[in-house]
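A look at the structure
Here is how the chains run, residue by residue.
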Amino acid sequence: IDQAGNSTFSPNFVWIKNRDATDAHALFDTVRGATEVLSSDSTAAEATNDDTLTAFESDGFALGDDVIVNTNNESYVAWQWNEGATPGFDIVSYTGNATARTISHNLGVVPEMMIVKNRDQGDNWAVYHSGNTSAPETDYLVLNERDATADLNTVWNDTAPTSSVFTVGTASLVNATGEDFIAYIFAPVEGFSKFSSYIGNGNAYGPMVNVGFQPAFLLIKSTADNKWIMKDTERSPFNASSLSLVANNSDAELTSDQPIDINSNGFKLRTTGSGVNSSGVAYVYMAFAEHPFKTANAR
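Because the structure is predicted, anything quoted here is derived from the model rather than measured.

About the criteria used
- Residues numbered from 1 in each chain as written.
- Predicted model: local features only at pLDDT ≥ 70, side-chain atom pairs only at ≥ 80, totals over all residues.
- Heavy atoms only, no water.
- Helix = DSSP H or I, 4+ residues; strand = E, 2+ residues; numbered from the N terminus.
- Rg over C-alpha atoms; globule rule 2.2 N^0.38 Å.
- Contact = heavy atoms within 4.5 Å.
- Areas by Shrake-Rupley, 256 points an atom, 1.4 Å probe, with all protein chains shown as cover.
- Lys, Arg positive; Asp, Glu negative; His and termini not counted.
- Charge placed at Lys NZ, Arg CZ, Asp CG, Glu CD.
- 1 Å grid on protein atoms, 1.4 Å probe; cavity = no way out; pocket = protein on both sides within 12 Å on 5 of 7 lines; lining within 4 Å.
- Points joined across faces, edges and corners; volume = space filled by probe spheres on them.
- Nonpolar A, V, L, I, M, F, W, Y, C, P; charged D, E, K, R; others polar.
- Pairing = 2+ DSSP bridges.
- Axes fitted to C-alpha atoms, helices over the stretch in contact; angles between N-to-C directions.
- Phe/Tyr/Trp six-rings, centres within 6.5 Å; stacked < 30°, edge-to-face > 60°.
- Buried < 20%, exposed > 50% of the residue type's maximum accessible area, 1.4 Å probe, protein only.
- Lys NZ or Arg CZ within 6 Å of the ring centre and 35° of its normal.

1. Regarding the overall build of the protein
Looking only at helices and strands, one finds three helices and 23 strands in the protein. A compact globule built from 299 residues should have a C-alpha radius of gyration of about 19 Å, and the protein, at 18 Å, falls within 12% of that. Considering only contacts in the protein between residues 6 or more positions apart, those separated by 24 or more positions represent 62%. By element, 43% of the accessible surface of the protein is carried by carbon and sulfur atoms, the whole surface being about 11,500 Å². The protein carries 16 positive and 36 negative side-chain charges, and their two centres are separated by 9 Å.

Okay, here's the thing in structure tokens:
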């Protein structure tokens, strides 16, 4: 699968979803290696499947014939990220010890979103987001569930990440003894990525969320009980963007769901749907442009 557009790169993180069928999300990265699958909609441990993503290539990736990545005549979407300080993304592998501790990352700036999964056991995905309540280091969200944000000091040890480390507590989903973990660490890059929050107004003419660039990809989650909504301009090149995939379940693409407008400087909610715009409810999001306007990390 070759990348389109005027810029190509060898991806370090690839997230694939079958749009037409109820198949699991398939997440791959270069730290764990090709064929090693995790699913955002499942607690399942990492599995080796030689018929999934078989290689990371200079301008994309190669596939086998497993249904989660390559069923004949079915439509798929693949989101790809490049690792490094310039794009504000780091992949960190570590082994748990059940003792509160710091773990190094290579971003050089403070991360604003972190997604952590136990590779060896069936356990939830833990998510840190800087917009998740006024004290985000005390709270966490679960990528594979609809659950509202929860306060638990054993996840991030009530300690905010820094420009060089993040902290995990004693909870098994982030630090079980002798078990292997993978962490996807994101920091904002001016003109390319943003991790923030907004308050819904419950109106069909919803809030305009200014991110400073035209998003190519959005992941939105209510801090209340609701699904993780995934939007992009590849599947929905025109407004209103009403095609959704849901990170926490394996459902096929929803064709008329949570419509939004994707604009030159952000996105505007066009629905009263609770997934993105309940009145008075806080929502966190991650937004990425297709290419950065600048290459310096945001301050």
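On we go from here.
2. Some thoughts on empty space enclosed by the protein
Following the criterion strictly, the structure yields one cavity of 30 Å³ or more and no others. Looking at the largest cavity, its volume works out to about 40 Å³. Around the largest cavity sit F13, W15, W81, I115, F186, F217, L219 and M286, which together line it. Every element with two or more residues in the lining of the largest cavity is listed here: strand 1 (13–18) and strand 18 (217–222). In the lining of the largest cavity, the residues fall into eight nonpolar, no polar and no charged.

3. With respect to the sheet that holds strand 17 (residues 208–210)
With antiparallel pairing, the three strands of this open sheet are ordered in space as 17-22-21. Because the sheet does not close on itself, it has two edges, and the strands there are strand 17 and strand 21 (260–263). With strand direction ignored, the average angle separating the axes of adjacent strands in the sheet is 20°. Two strands pair when backbone bridges link them, and strand 21 and strand 22 (residues 266–269) are joined in this way by four bridges, in the antiparallel orientation. Looking across to strand 22, one finds that I262 is bridged to F267.

4. Description of the side chain of S241
You can see S241 is positioned in the loop between strand 19 (228–232) and strand 20 (245–246). Leaving out residues up to four positions away in the same chain, S241 has contacts with K231, D232, S236, D257, Q258, P259, I260 and I262.

5. Notes on the packing of aromatic side chains
If you walk through the whole model with that rule in mind, you get 22 aromatic pairs. Residues F192 and F288 carry aromatic rings whose centres are separated by 5.7 Å and whose planes lie at 70° to one another, so their mutual orientation is edge-to-face. Of the two residues, F192 sits in the loop between strand 15 (180–186) and strand 16 (193–199) while F288 sits in strand 23 (residues 282–288), which places them 96 residues apart along the sequence. Accessibility assignment for this pair places F192 and F288 in one class, buried. Every member of this aromatic cluster is reached through a ring pair, and the members are F13, W15, W79, W81, F89, Y184, F186, F192, F195, F217 and F288. Sitting over the ring of Y205, K268 keeps its end group 3.8 Å from the ring centre.

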